[in-house]
Amino acid sequence: MAKVHNWQLGREMDYPYEGRRPEKQFAMIFDTNKCIACQTCTVACKTTWTTGRGQEYMYWNNVETKPYGYYPLGWDVTILDRLGVQEMDGPVYRGKTLFDAAPTGEIILGYLPEDIDYAHPNIGEDDSTGLMPQGAHLTLPHLQWMFYLPRICNHCTYPACLSACPRQSIYKRPEDGIVLLDQSRCRGYRECVRGCPYKKVYFNAQTRVSEKCIGCYPAVEGGRQTQCTITCIGKIRIQGFLNAPDKVDEDNPLDYLVHVKKIAQPLYPQFGLEPNTYYIPPIHVPAVYLRQMFGWGAERATDMYRQVAMDRKLLGALTLLGATPEIAHYFRVDGDSVIGYDAKESEIARVPLTEPVVIRELYDPKYRAFRTNIT
Ligand code: SF4
Ligand code: SF4
């Protein structure tokens, strides 16, 4: 095992390979407060990449309702339970990672889901944490809660799938950190499926090899964001690149949200993979749940989100979500607008921070009708 630095854990950890952190890392941020579970992202991904034989059950992108929705069934609670106590001491994680907890002779603590666990991709959708007594939705605070969690492969800095593969079929691209699977090398041992705690590698029973999210690399290489991002109805996503933690650029929207403001948090950082999809946690969910799911900074992130109107730069970065199909490498707030720039510093998006209000006439002579809503 090599010693690598995992900034999400605030410490070094053991990993089977030397760390090769790319200069810029493919990354995505989701604002869970805005997701409406329309599943447009799921369908966009499915129709783009997984319509072949043996791919019927594959959802490289899925959206599940937490706490009771899962795909595959129980993916997170199963591995959390096996990992045991997860000791967090402020910004330093003191507990075991999945690599630390590996049984003797194995590389990582994992498990292989049963086929039946993939039978219900939308299980638990819209289920809240308890029964609502009549009229309870009118009282505050709400005792019951749920929220939508969109998920893709995290293109982890220390991928479990890569380390578990006995054929070295999985590799991480040095130019952008996208994790890919070379199907010509794969022999279908499914060690990657067993190893990935997020269960984002899928075995194709027709071709007898594994498959996973490719980070829409043909689009990304051309400067466009992924399909699931540009089709998102709720404008909850932004995809771009994170710089290495010692080379943070405040003008890069992803660096700003993840490293500078720390409002976007990783999913289950305690697993030790340094996942590269980040979440702005839902503000209405109990902190104890959010801390386990998004790490020690989750509560601070929700406090910051509540105050976002006071912070123009933060508001600007968040307004860039869903503002352009192109990848924003830089951004700046200019007066009442946020401007996004591509890698060559050309303007690709300009969005007002305050939505303009247009007041229309009560009576519309064109349609000879009165309007019920004039703003
Ligand atoms: S989320 Fe899973 S499949 Fe994706 S890179 Fe990480 S370990 Fe591999
Ligand atoms: S398209 Fe956007 S809003 Fe709709 S489910 Fe996907 S992430 Fe949520």
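To keep things clear, this report deals only with the structure shown in the data block.

1. Regarding the site of ligand 1
Taken together, 13 residues lie near ligand 1, and C153, N154, C156, C161 and C196 sit nearest. Within the shell around ligand 1, the residues separate by chemical class into ten nonpolar, two polar and one charged.

2. Some details on the nonpolar core
The biggest cluster of nonpolar side chains holds 73 residues, and the ones touching the most others in it are F147, Y198, L267, Y268, F271, M293 and F294. Residues I29, A301, L315 and V338 belong to the second largest nonpolar core, which totals 28 residues.

3. Focus: the site of ligand 2
Neighbouring residues of ligand 2: 14 residues in total, closest C35, C38, Q39, C41 and C232. Among the residues forming the shell around ligand 2, the class breakdown is ten nonpolar, three polar and one charged.

4. A word on the packing of aromatic side chains
Counted under the stated rule, the structure contains 20 aromatic pairs. Judged by centre distance (5.6 Å) and plane angle (80°), the rings of Y59 and Y71 are edge-to-face. With Y59 in the loop between α1 (40-49) and β4 (62-66) and Y71 in the loop between β4 and α2 (75-83), this pair connects stretches of sequence that are twelve residues apart. Three or more aromatic residues link up through ring pairs in this structure, and these residues are Y57, Y59, Y71, Y118 and Y202. Above the ring of F203, the side-chain terminus of R190 is found at 4.4 Å from the ring centroid. It is K199 that lies over the ring of Y111; its NZ or CZ is 4.5 Å from the centre.

5. A word on the sheet that holds strand β16 (residues 337-341)
Pairing is antiparallel in the open sheet, where three strands are placed in the order β15-β16-β17. Each of the sheet's edge strands pairs with one partner strand only, and the pair in question is β15 (330-334) and β17 (347-352). Averaged over neighbouring strand pairs, the angle between their axes works out to 20° when direction is ignored. Looking at chain direction, β16 and β17 are connected through five bridges and run antiparallel. The residue bridging Y341 from the neighbouring strand is E347, located in β17. Where helix α10 (residues 312-319) meets the sheet, its contacts fall on β15, β16 and β17, and the angle it forms with β15 comes to roughly 125°.

6. Considering the side chain of T324
Relative to the assigned elements, T324 resides in the loop between α10 and β15. The class of T324 is buried, set by a relative accessible area of 8%. Polar side-chain contacts of T324 include one of 2.9 Å to the backbone nitrogen of E326.

7. With respect to the pairing of strand β3 (residues 24-31)
Most of β3 is tucked away: seven of the eight residues are buried. Alignment of β3 against strand β12 (residues 237-243), held across seven bridges, turns out to be antiparallel. Counted as the bridge partner of K24 is N243 from β12. The pairing of β3 with strand β14 (residues 277-280) spans four bridges and is classified as parallel. Bridged to D31 within β14 is I280.

8. Some remarks on the sheet that holds β14
Read across the sheet, four strands follow the order β12-β3-β14-β13 without closing on themselves; strand pairing throughout is mixed. Each edge of the open sheet carries a strand with a single partner, namely β12 and β13 (265-266). Helix α7 (residues 253-260) contacts β3, β12 and β14 of the sheet and is inclined by roughly 80° relative to β12.

9. Considering the pattern of salt bridges
Close approach of charged atoms lets side chains of opposite charge pair. Counted under the stated rule, the structure contains 19 salt bridges. D76 is the salt-bridge partner of K66, the closest N and O atoms lying 3.1 Å from each other. Linking K66 in strand β4 with D76 in helix α2, this pair joins segments that are ten residues apart in sequence. The class of K66 is buried, set by a relative accessible area of 0%. The salt bridge partner of D311 is K261, with a shortest N-O separation of 2.9 Å.

10. Focus on α2
Every buried residue of α2 is accounted for by W75, D76, I79, L80 and L83. Along the long axis of α2, the arc covered by the buried residues comes to 115°, so they all point the same way. At its buried positions, α2 is contacted by β4, β6 (92-93), β7 (147-151) and α8 (287-294). With its phi angle positive at about 80°, G84 sits one or two positions after the end of α2.

11. Examining the packing of α8 against helix α9 (residues 298-306)
Two elements in contact, α8 and α9, have axes separated by 8 Å at closest approach and are oriented at 115°. Between α8 and α9, the interaxial angle falls into the category roughly perpendicular. Taking contact as the criterion, the partners of A287, L290, R291 and F294 in α8 are, on α9, A298, E299 and T302. Among the residues forming the contact of α8 with α9, the class breakdown is four nonpolar, one polar and two charged.

12. Regarding a nonpolar patch on the surface
A cluster of nonpolar side chains, namely V357, I359, L362, Y363, F370 and I374, defines an oily patch on the protein surface of about 630 Å² accessible area. Structurally, I359 can be placed in the loop between β17 and β18 (363-364).

13. Some thoughts on the environment of H142
In this structure, H142 sits in the loop between β6 and β7. In contact with H142, other than residues within four places in its own chain, are A136 and H137.

Reading the values: the criteria
- Residues numbered from 1 in each chain as written.
- Chains lettered and ligands numbered in written order.
- Predicted model: local features only at pLDDT ≥ 70, side-chain atom pairs only at ≥ 80, totals over all residues.
- Heavy atoms only, no water.
- Near = heavy atom within 4 Å.
- Nonpolar A, V, L, I, M, F, W, Y, C, P; charged D, E, K, R; others polar.
- Core = buried A, V, L, I, M, F, W, Y, C linked by side-chain atoms within 4.5 Å.
- Buried < 20%, exposed > 50% of the residue type's maximum accessible area, 1.4 Å probe, protein only.
- Phe/Tyr/Trp six-rings, centres within 6.5 Å; stacked < 30°, edge-to-face > 60°.
- Helix = DSSP H or I, 4+ residues; strand = E, 2+ residues; numbered from the N terminus.
- Lys NZ or Arg CZ within 6 Å of the ring centre and 35° of its normal.
- Pairing = 2+ DSSP bridges.
- Axes fitted to C-alpha atoms, helices over the stretch in contact; angles between N-to-C directions.
- Contact = heavy atoms within 4.5 Å.
- Polar contact = N/O pair within 3.5 Å; in protein donor to acceptor, adjacent residues only side chain to side chain.
- Salt bridge = Lys/Arg side-chain N within 4 Å of Asp/Glu carboxyl O.
- Arc of directions from axis to C-beta.
- Parallel < 35°, antiparallel > 145°, perpendicular 65-115°, else oblique.
- Patch = residues over 30% accessible without salt bridge, like charges linked within 9 Å, V, L, I, M, F, W, Y side chains within 5 Å.
- Areas by Shrake-Rupley, 256 points an atom, 1.4 Å probe, with all protein chains shown as cover.

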